[in-house]
Amino acid sequence: MTAIERQPVGPRGGPTASCWNETIASEREIGGEITREHIAATEMLIRPHIRRTPAIEVDAADFGLGASAICFKLELMQHSGSFKVRGAFANLLMRKVPPAGVIAASGGNHGVAVAFAAMRLGVKAAIFVPKVTSSAKLDRIRAYGGELVVTGAVYADALAASEARVAETRALAVHAYDQRETLLGQGSVGLEFEADRPEIDTLLVATGGGGLIGGIAAWYAGRIQIISVEPELAPTLHDALKAGHPIDAPAGGIAADSLAPRRVGSLMFPIAQRHVAAAVLVEDAAIRDAQRRLWDVLRIATEPGAAALAALLSGRYRPAKAERVAVLLCGANTTAVDFDR
């Protein structure tokens, strides 16, 4: 694969904060496409509640990848330990929250993020997770005061249980990836990264349900290559792109609690078809190797979202000569580090 021709990057633009607030007051939910203007306005709204995470450049030779450089966007340093808090705040700030509060189904990180946002905004939250969810994520949900419901074997089971509770209580459902506000919030990662590193040609993103890569791809809109990376045992977007529409895919392997929904989101799929250059698959062993090497080289402890780096280390994605490549590290809620041990 080679880098695509870069196009000029325009000004951030978008509606002013006051104009956006008027829109929220009158409509509450955004209509229409997931546009750069909507992402920019959403970013302004959630900015007081999120961190601007750093981007660092590292000698690729440190990872055995030759003499070039790799840029890492360290979104794993975000509040709640992952990018998910951006979409969580977007939902709670842009949609009307009823007295019953909010309900979210999650493999883990989305639930952590919704619990965190709800705590900060004084909203009740119930979080449904499957039995495969790691203890690190369960502990954080409890610490943020969310009601924790552990049910079912995989994410799809927890989602079904959460939908039954929503029907019973009329609480606000906050979907992990197939919700417009979620996509707009996650798209702010792209806005932020482009402002900090406008020279990048290619960004590798680990993909589960597609909220993150969908939002980022909507922001860049083809101005750089966006590469999706998924575990071989959870090829959700890969299989959907091959089929031409979202389909059920396997949901197992090392990333079962983070990158393994049953199918990709319907809202992000048209965005992926237009603006995701390729979807590559990596083995679980390669993901584990990427996690170890991130720790050895940078002392960064990351969860299986390290799949994005695994694509480079394993050769599943081979940059062209002089291609400027970035890797998004999206989550750090892992049990790999235990200082009490």
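Residues numbered from 1 in each chain as written. Predicted model: local features only at pLDDT ≥ 70, side-chain atom pairs only at ≥ 80, totals over all residues. Heavy atoms only, no water.

Observations regarding the overall build of the chain
- The helix and strand inventory of the chain stands at twelve helices and ten strands.
- For the chain, the residues scored as buried account for 55% of the 341 residues in total.
- Long-range contacts, defined here as pairs at least 24 residues apart, represent 72% of the contacts in the chain between residues at least 6 apart.
- Of the roughly 13500 Å² of accessible surface on the chain, 51% is carried by carbon and sulfur atoms. (Helix = DSSP H or I, 4+ residues; strand = E, 2+ residues; numbered from the N terminus. Buried < 20%, exposed > 50% of the residue type's maximum accessible area, 1.4 Å probe, protein only. Contact = heavy atoms within 4.5 Å. Areas by Shrake-Rupley, 256 points an atom, 1.4 Å probe, with all protein chains shown as cover.)

Quick notes on the pattern of salt bridges
- Tallied over the entire structure, the rule returns 18 salt bridges.
- For Glu-147, the salt bridge is made with Arg-165, and the minimal N-O distance between the two is 3.1 Å. Taken together, the residues span a long stretch of sequence, with Glu-147 in strand β5 (residues 147-150) and Arg-165 in helix α6 (residues 155-169) at a distance of 18 residues.
- Overall, the relative accessible area of 38% leaves Glu-147 in the partly exposed class.
- A salt bridge links Arg-316 to Glu-283; the shortest N-O distance between them is 3.9 Å. Taken as a pair, Arg-316 in the loop between α12 (307-313) and β10 (325-329) and Glu-283 in the loop between β9 (278-282) and α11 (284-298) lie far apart in primary sequence, 33 residues in all.
- What makes Arg-316 partly exposed here is its relative accessible area of 35%.
- Connected through salt bridges with shared partners, the residues Glu-43, Arg-47, Lys-73, Glu-75, Arg-86 and Glu-192 form a single ionic network. (Salt bridge = Lys/Arg side-chain N within 4 Å of Asp/Glu carboxyl O.)

A closer look at the environment of Asp-284
- For Asp-284, the location among the structural elements is in helix α11.
- Judged by its relative accessible area of 21%, Asp-284 falls in the partly exposed class.

With respect to the sheet that holds strand β2 (residues 69-74)
- In space, the six strands of this open sheet follow the order β1-β2-β10-β7-β8-β9, with mixed pairing throughout. Only two strands of the sheet have a single partner each, and these edge strands are β1 (55-59) and β9. Ignoring strand direction, the axes of neighbouring strands in this sheet form an average angle of 25°.
- Running over the sheet, helix α9 (residues 236-243) touches β8 (225-231) and β9 and is turned about 115° from β8. (Pairing = 2+ DSSP bridges. Axes fitted to C-alpha atoms, helices over the stretch in contact; angles between N-to-C directions.)

Quick notes on the confidence of the model for the chain
- With 87% of its residues at a pLDDT of 70 or more, the chain has an overall mean of 87.
- Long-range and interchain partners of residues 1-32, a stretch whose pLDDT sits below 50, account for 74 contacts in this model, where long-range means more than four residues apart. (pLDDT = per-residue confidence, 0-100.)

Some thoughts on the pairing of β9
- Burial analysis of β9 places five of its five residues in the buried class, which makes it a mostly covered element.
- Side chains of β9 alternate between two faces, with Ala-278, Val-280 and Val-282 and Ala-279 and Leu-281 buried alike.
- Both β8 and β9 contribute to a ladder of five bridges, which runs parallel. Within the sheet, the bridge partner assigned to Pro-231 lies in β9 and is Val-282.

Remarks on unusual backbone geometry
- Backbone geometry at Ala-221 places phi at a positive 50°, although glycine is not the residue there.
- Locating Ala-221 in the fold gives a position in the loop between α8 (211-220) and β8.
- A positive phi angle, close to 70°, is found at Ala-322, a residue other than glycine.
- Residue position: Ala-322 is located in the loop between α12 and β10.
- Residue Ala-322 is classed as exposed on the basis of its relative accessible area, which comes to 71%.

What about a nonpolar patch on the surface?
- A cluster of nonpolar side chains, Trp-295, Val-337 and Phe-339, forms an exposed patch at the surface whose accessible area comes to about 340 Å².
- Assignment of secondary structure puts Phe-339 in the segment after β10. (Patch = residues over 30% accessible without salt bridge, like charges linked within 9 Å, V, L, I, M, F, W, Y side chains within 5 Å.)

Here we look at the sheet that holds strand β4 (residues 125-129)
- Within the open sheet, the four strands sit side by side as β5-β4-β3-β6. Their pairing is parallel. With partners counted over all chains shown, the strands left at the sheet margins are β5 and β6 (172-173), one partner each.

As for the layout of surface pockets
- Within this model, the second largest pocket holds a volume of roughly 240 Å³.
- In terms of lining residues, the second largest pocket is bounded by 14 residues, among which Leu-65, Ser-68, Leu-312, Pro-319 and Ala-320 are the most central.
- Of the residues belonging to the lining of the second largest pocket, the class tally is ten nonpolar, one polar and three charged. (1 Å grid on protein atoms, 1.4 Å probe; cavity = no way out; pocket = protein on both sides within 12 Å on 5 of 7 lines; lining within 4 Å. Points joined across faces, edges and corners; volume = space filled by probe spheres on them. Nonpolar A, V, L, I, M, F, W, Y, C, P; charged D, E, K, R; others polar.)

Overview of the packing of helix α7 (residues 180-196) against α8
- Running from amino to carboxyl end, α7 crosses α8 at an angle of 55°, the nearest separation of the two axes being 7 Å. One finds that α7 runs oblique with respect to α8. Two packed elements cross with a definite hand, and for α7 against α8 that hand is right-handed. Packed against α7, whose contacting residues are Leu-183, Gln-186, Gly-187, Val-189, Gly-190, Leu-191, Phe-193 and Glu-194, the element α8 presents Gly-211, Leu-212, Gly-214, Gly-215, Ile-216, Trp-219 and Tyr-220 at the interface.
- Here the residues of the contact of α7 with α8 sort into eight nonpolar, six polar and one charged. (Parallel < 35°, antiparallel > 145°, perpendicular 65-115°, else oblique. Left-handed = near helix turned anticlockwise from the far one by under 90°.)

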